Each structure stands twice: as structure tokens, then as C-alpha cells.
Amino acid sequence: MSKKTFTITDLSREFDLTTRAIRFYEDCGLLSPGRKGRTRIYSPRQRVRLKLILRGKRLGFSLKEIQEVLDMYDADCGEAGQLKFLMQKIRERRDYLHVQKQDIEATLRDLREIEEECLRRLHSM
């Protein structure tokens, strides 16, 4: 994008969010726009942060975890530290999802067995 700054309306339209959601991310300390009078002005960097916040949420990370990743970028460890931390969080999330998947598969097996038993009993009546 060639635009140098963005309003809250610009970002809400681009990312299909409510302005209230964007203000919530501000309240959480994830975004910090500049101000021009009462108007919020977002830099390209703030736009990228919003994009990363939404990606993190889509991947199932908590806002606290997203904040930690974003904070790592600003810390002395820079991008390499941020990437290592992010890779650790990705592994943790993947492991958690695998456990959830196994739990779901077990539940589906149980439901199938119960359903088959119910059908057998109905047919024998």
C-alpha cells in the first residue's frame, strides 16, 4: 500500500472489523495510533501490527501471546528472537491442536458406538 497513514475507518473496512474491535486492541496495548485532534491516525507499522494480531487470533493464540510476540519485535533480541519465540508458540499450539484432534476423534468413535448400540436395541424391539 502506498498510503502513509490510515484512519480507524480505513482499517475497519480493510480488515472487515468493527471500529470497536480496533479500539479494544488499543485498550489492550496491542495498537497505539497517533492522534490528529480527536482522530486516530495509524501508521503503516500499526496496520501491520493489526494484520499480525488478526493472524495470531486466527491461529488460536491468546491476546497475551500475541502481545508477547509483538513486544519481542521491539526488544533488543529483534527479529531473530521474535522468530524463535514465535516458532516455540507455533509448536505449542500445534501440539495442543493435535491433542484436541485426538480427543475429538475419540468422542466421535464413542458417539458412533452409542448410536450403533441404540440402533441395535431399536431393531430388536
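Residues numbered from 1 in each chain as written. Predicted model: local features only at pLDDT ≥ 70, side-chain atom pairs only at ≥ 80, totals over all residues. Heavy atoms only, no water.

Chemist: Before we move on, can you summarise the overall build of the protein with the specific residues and values?
Modeler: A tally of helices and strands in the protein yields five helices and two strands. In the protein, the succession of helices and strands from N to C terminus is α-α-β-β-α-α-α. The C-alpha radius of gyration of the protein comes to 22 Å, more than 25% above the 14 Å expected for a compact globule of 125 residues. Reported as C-alpha extents along the three principal axes, the dimensions of the protein are approximately 75 × 35 × 25 Å. Residues counted as buried form 25% of the 125 residues belonging to the protein. Expressed as a percentage of contacts within the protein between residues at least 6 apart in sequence, the contacts between residues at least 24 apart total 48%. Here the protein has roughly 9400 Å² of accessible surface; of this, 53% comes from carbon and sulfur atoms. (Helix = DSSP H or I, 4+ residues; strand = E, 2+ residues; numbered from the N terminus. Rg over C-alpha atoms; globule rule 2.2 N^0.38 Å. Buried < 20%, exposed > 50% of the residue type's maximum accessible area, 1.4 Å probe, protein only. Contact = heavy atoms within 4.5 Å. Areas by Shrake-Rupley, 256 points an atom, 1.4 Å probe, with all protein chains shown as cover.)

Chemist: Just give me the short version of the pattern of salt bridges, but keep the residues and values in it.
Modeler: With the rule as written, the count across this model stands at six salt bridges. Residue Glu-26 is joined to Arg-40 by a salt bridge in which the shortest nitrogen-to-oxygen separation is 2.9 Å. You can see Glu-26 sitting in helix H2 (residues 19–27) and its partner Arg-40 sitting in strand E2 (residues 39–41), a full 14 residues away along the chain. Accessibility assignment for this pair places Glu-26 and Arg-40 in one class, buried. Across the salt bridge formed by Glu-68 and Lys-89, the nearest N and O atoms sit 3.9 Å from each other. Within this pair, whereas Glu-68 is found in helix H4 (residues 63–74), its partner Lys-89 is found in helix H5 (residues 78–123), the two being separated by 21 residues in sequence. Overall, the relative accessible area of 12% leaves Lys-89 in the buried class. Put simply, Glu-65, Glu-68, Lys-89 and Glu-92 are held in one network by salt bridges that share partners. (Salt bridge = Lys/Arg side-chain N within 4 Å of Asp/Glu carboxyl O.)

Chemist: Requested: an account of the side chain of Ser-12, with residues and values cited.
Modeler: Mapping Ser-12 onto the fold places it in helix H1 (residues 8–15). Note on Ser-12: relative accessible area 10%, which makes it buried. The contact partners of Ser-12, leaving out residues within four places of it in the chain, are Leu-17, Thr-18, Thr-19 and Ile-22.

Chemist: Please provide a residue-by-residue account of a negative patch on the surface, values included.
Modeler: Taken together, the side chains of Asp-110, Glu-113, Glu-115 and Glu-116 present a region of like negative charge at the surface. Locating Glu-116 in the fold gives a position in helix H5. For Glu-116, a relative accessible area of 40% corresponds to the partly exposed category. (Patch = residues over 30% accessible without salt bridge, like charges linked within 9 Å, V, L, I, M, F, W, Y side chains within 5 Å. Lys, Arg positive; Asp, Glu negative; His and termini not counted. Charge placed at Lys NZ, Arg CZ, Asp CG, Glu CD.)

Chemist: An account of the nonpolar core is requested, with residue identities and associated values reported.
Modeler: Membership of the largest hydrophobic core comes to 16 residues, with the highest contact counts inside it found for Leu-11, Ile-22, Tyr-25, Leu-31, Tyr-42, Leu-50 and Ile-53. Contributions of two or more residues to this core are made by H1, H2, helix H3 (44–58) and H4. In this view, Leu-50 contacts Leu-11, Phe-15, Leu-17, Ile-22, Tyr-25 and Leu-31; residues no more than four positions away in its chain are not counted. (Core = buried A, V, L, I, M, F, W, Y, C linked by side-chain atoms within 4.5 Å.)

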